[in-house]
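# Observations on chain architecture
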Amino acid sequence: MAAVDYTNERTLVAACLKQDRRAQEAFYRRYAPAALTSCRRYAPGRDEAMDLLNGGMMKVFERLDQFRWEGSLEGWVKRLVFHYTVDQYRRRRQRPTLEIADWDQATDDTVTHRLYADDLCKLIDLLPEPSKEVFWLFAIEGYSHAEIAGKLHFSEGNSRWHLSKARQLLRDRLAQSTHQHNRYAG
């Protein structure tokens, strides 16, 4: 039996649609890491994020025959997992958390960088809800203002305004934090 080229997206999808388990595993390994970012945002810990990811990826496999090759496959996977995650969040009625855990850090990170990431995460979490949502989707997950507007059901201009507001609040809080740190250090 000849080896299948799973590096080609169309070949990979075709094999997944034929229920090829090796292809499904290759698909999961290829697209799950990118989709995990939205899961981490709504989960209080790694296990919960992985549960959301796995549930979302099951939806992807169920709907893979609906992908029409009109955009990026990775973007489509991320959107499906995001929608699954948000649906689960709404069902649980829990507040989303922003978390940067040890497993989310670069391996060569220093304690200073880890503290900075934790502090930054706390500052982001203090943002007003719509601005925090827009900031996360734009700055962390890489969505465009058009995509954000569609997801959050408001105009692109409103998305841009919330991003600008979030950035200004973060700048102000970072400046305040730096000023307090310098005052205590000196």
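Description of the structure in this document.

By the burial criterion, the buried members of helix H7 (residues 145-152) are His-145, Ile-148, Ala-149 and Lys-151. Down the axis of H7, the sector holding all buried residues measures 165°, keeping them to one side.

It is worth spelling out the packing of aromatic side chains at this point. Each aromatic ring pair is characterised by the separation of its centres together with the angle its planes make. Across all of its chains, the model carries four aromatic pairs by this definition. Note on Phe-27 and Tyr-31: the rings are 4.7 Å apart at their centroids and 50° apart in plane angle, and the pair reads as tilted. Here Tyr-31 and Phe-27 lie together in helix H2 (residues 21-42), a separation of four residues that amounts to about one turn. Taking the relative accessible area as the measure of exposure, Phe-27 reaches 0% and is therefore buried. Between Phe-67 and Trp-69 the ring centres are 4.8 Å apart and the planes differ by 70°, which places this aromatic pair in the edge-to-face class. By relative accessible area, which is 7% here, Phe-67 ends up buried. On the basis of relative accessibility, which here comes to 27%, the residue Trp-69 falls in the partly exposed class. One aromatic cluster is present, formed by Phe-27, Tyr-31 and Phe-61 through successive ring pairs.

Bringing the nonpolar core into the picture now. Counting 39 residues, the largest nonpolar core has Phe-27, Leu-53, Val-60, Leu-73, Trp-76, Val-77 and Val-81 as the members making the most contacts within it. When residues of this core are traced back to their parent elements, those giving at least two are helix H1 (9-17), H2, helix H3 (46-63), helix H4 (73-92), helix H5 (111-125), helix H6 (129-140) and helix H8 (156-185). When residues no more than four places from it in sequence are discounted, the contact partners of Val-60 are Phe-27, Trp-76, Val-77, Leu-80 and Val-81.

Cut-offs applied
- Per-chain numbering applies: the sequence of each chain, read as written, is numbered from 1 onward.
- Local features in this predicted model are restricted to residues of pLDDT 70 or higher, and side-chain atom pairs are both shown and tallied only at a pLDDT of 80 or more, whereas totals for entire chains, interfaces and linings draw on every residue.
- Here the side-chain values reflect all heavy atoms present in the structure, with hydrogen atoms and water set aside.
- Relative accessibility under 20% of the residue-type maximum defines a buried residue, over 50% an exposed one, and the middle range a partly exposed one, all with a 1.4 Å probe and only protein chains included.
- Secondary structure elements follow DSSP: runs of H or I of four or more residues count as helices, runs of E of two or more count as strands, with numbering from the N terminus.
- Each direction from the helix axis to a C-beta atom contributes to the arc, which is the arc of those directions.
- Aromatic rings from Phe, Tyr and Trp, with only the six-membered ring used for Trp, were paired whenever their centres fell within 6.5 Å, and each pair was classed as stacked if the ring planes differed by under 30 degrees, edge-to-face if by over 60, and tilted otherwise.
- Remark: nonpolar core denotes a set of buried residues (Ala, Val, Leu, Ile, Met, Phe, Trp, Tyr, Cys) joined through side-chain atoms within 4.5 Å.
- Here, two residues are considered to be in contact whenever any of their heavy atoms come within 4.5 Å of each other.

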